Amino acid sequence: MWNAAAPLALSAEDREQLRRLVRGRQTVQKMVLRARIVLLANQGLANCAIAKALETNRNTVLLWRRRFGQGGLAALNDAPRSGRKRRLSADLVQRVVMTTLQEHPVAATHWSTRTLAMHLGVSKMTVQRIWKANRLQPHRVQTFKLSRDPRFVEKLRDIVGLYLNPPEHALVLCVDEKSQIQALERTQPGLPMKKGRCATMTHDYKRHGTTTLFAALNVLDGSVIGSCSSRHRHQEYLRFLRKLDRETPRDLDLHLVVDNYATHKHDDVDAWLAKHPRFTVHFTPTSSSWLNLVERWFREITDKRIRRGVFRSVAELEAAITEYLNVNNAAPKPFIWTASAEKILDKVARAAKAYGLERRA
C-alpha cells in the first residue's frame, strides 16, 4: 500500500477547466495525461497509485504535480525551449534562389536538393528550407495551352453564356465521346487496403478490347445520357444524336456544347441537324476542351470506376459503365460554372503576356 501524498489544492474553476481538457476531442494526449494527473492528485491519491492508474511513471507524476503547484494551469503547457533556429544569411538565400532559377545542372533539366547542395557546398536541408520559404519546386512542371482559334472570344462568350444564363425552354447538353476505353485485366490479384497500407495492383495487365463512351451531360441537373459503341465515327455520333432526340422532351430546344472533332462536323451530321431545328450546336474553341463540362464528368467516371477496375471483357467494361450511369442519374449533382467570360479572358491575357504570345483582339 502506498503512502498518500497531500491532496493538490484546486479551485472550482481550475477543476472544471481540467475536466474540459480531459473531455475535449481536440485536446492533445500529453495535455490529457497532465490534466488527469492533477485531477487525481487533487483526490489525494499516492503518486505511485496515480502512475499505475495512468500507465506512466512516478517521476512524470511528480513533475506535473510540482509544475501545477508552481504555475497553475499555464504551467501544464510545454516550457519554452532554449536556443533558436540557425539563421541563414541573406547572401546564401539569394545564391540558392538565383542558382535555382537561372542555372541548370550538368546533364539534367532541373536541380534536386542534393545536386544543388553539392554544387553550392551547403547541406541539402539548407536548400530544402530555402526552397520551401521561397515556394520553389524545381521537380514540378505545369502544362498549358493557349488557344489560337481566331474566334476564341466569340466562342468563349457563347458557351459561358449558356452556362451562366441558360436559355428558357431549352436544355444545355455538353456532348463528347471518351474513346479507346480499355478493358484491362490485371495479371495477378492485388491486396486490399488495410490500416497503414493502401490497396495494391500489378502494373501489367491483359487487354481485352476497347469501347467508346458517348455522353451528354445535362448542365441543369447533372444527369447524363450515355451509350457505348465499338467505334466513334460519324455514324455512331449520329446514332447518339438520335438517342438524345428520343430521350429528351420534344417541346424543349437542345443546345449542344461540342468540340471540333471532325466527326462532329461531318456532312451527314450537318444534314441531319438541318432536319432537326431544335438542335443548336456550339463549338468550343480549338485547344479548349476545358470549356466542355462533360470532360469534368469523364474524369469522375475514370477515377471512380474505370482506372482501378478489372474487366475480363468489353461486355464487363460496358456493364460497369452502364451501372455507373444509372447510379449517377439516380441522384445527379450538377457541376456549377462560376467563372465569367471577362474573368477567363483576363487570365488568358496574363498567360499570353507571360509566354510572349500575342493577345487576341
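The structure this text deals with has already been given above.
Residues numbered from 1 in each chain as written. Predicted model: local features only at pLDDT ≥ 70, side-chain atom pairs only at ≥ 80, totals over all residues. Heavy atoms only, no water.

Colleague: What's the story with the environment of Pro 105 in this structure? I'm lost.
Modeller: Tracing the backbone shows Pro 105 in the loop between helix H5 (90-102) and helix H6 (113-120). Sequence spacing of Pro 105 and Gly 71 is 34 residues, and the spatial spacing of their C-alpha atoms is 56 Å. (Helix = DSSP H or I, 4+ residues; strand = E, 2+ residues; numbered from the N terminus.)

Colleague: Looking at this structure, I do not really get the packing of helix H2 (residues 29-42) against helix H4 (residues 58-71). What am I missing?
Modeller: When two helices pack together, their arrangement is captured by the angle between the axes and the distance separating the axes. Running from N to C, H2 and H4 cross one another at 80°; their axes reach a closest spacing of 9 Å. Relative to H4, H2 is oriented roughly perpendicular. Every residue of H4 that contacts H2 at Arg 34, Ile 37, Val 38 and Ala 41 is listed here: Thr 60, Val 61, Trp 64, Arg 65 and Phe 68. A breakdown of the residues in the contact of H2 with H4 according to their chemical character gives six nonpolar, one polar and two charged. (Axes fitted to C-alpha atoms, helices over the stretch in contact; angles between N-to-C directions. Parallel < 35°, antiparallel > 145°, perpendicular 65-115°, else oblique. Contact = heavy atoms within 4.5 Å. Nonpolar A, V, L, I, M, F, W, Y, C, P; charged D, E, K, R; others polar.)

Colleague: Help me understand unusual backbone geometry in this model?
Modeller: Backbone geometry follows two general trends: most residues other than glycine have a negative phi, and most peptide bonds adopt the trans configuration. Residue Gln 180 is not a glycine yet carries a positive backbone phi of 55°. Positionally, Gln 180 belongs in strand E1 (residues 170-186). Positive phi, normally seen in glycine, also occurs at Ser 287, with a value near 60°. Among the structural elements, Ser 287 can be located in the loop between strand E5 (279-283) and helix H11 (294-306).

Colleague: Would you take a moment to explain the pattern of salt bridges for this structure?
Modeller: If charged atoms from side chains of opposite charge come close, those side chains can pair. This structure, assessed with the given rule, holds 13 salt bridges. Here Arg 233 makes a salt bridge to Glu 236, at a shortest N to O gap of 2.8 Å. For Glu 236, a relative accessible area of 6% gives the class buried. One salt bridge in this structure joins Arg 278 and Asp 245, with 2.9 Å as the shortest N-O distance. Placement of Arg 278 in the loop between helix H10 (267-274) and E5 and of Asp 245 in helix H9 (residues 234-247) is noted, with a sequence separation of 33 residues between them. Among the residues examined, Arg 278 registers a relative accessible area of 12% and is labelled buried. Each member of the salt-bridge network shares a partner with another, and the members are Glu 16, Arg 20 and Arg 23. (Salt bridge = Lys/Arg side-chain N within 4 Å of Asp/Glu carboxyl O. Buried < 20%, exposed > 50% of the residue type's maximum accessible area, 1.4 Å probe, protein only.)

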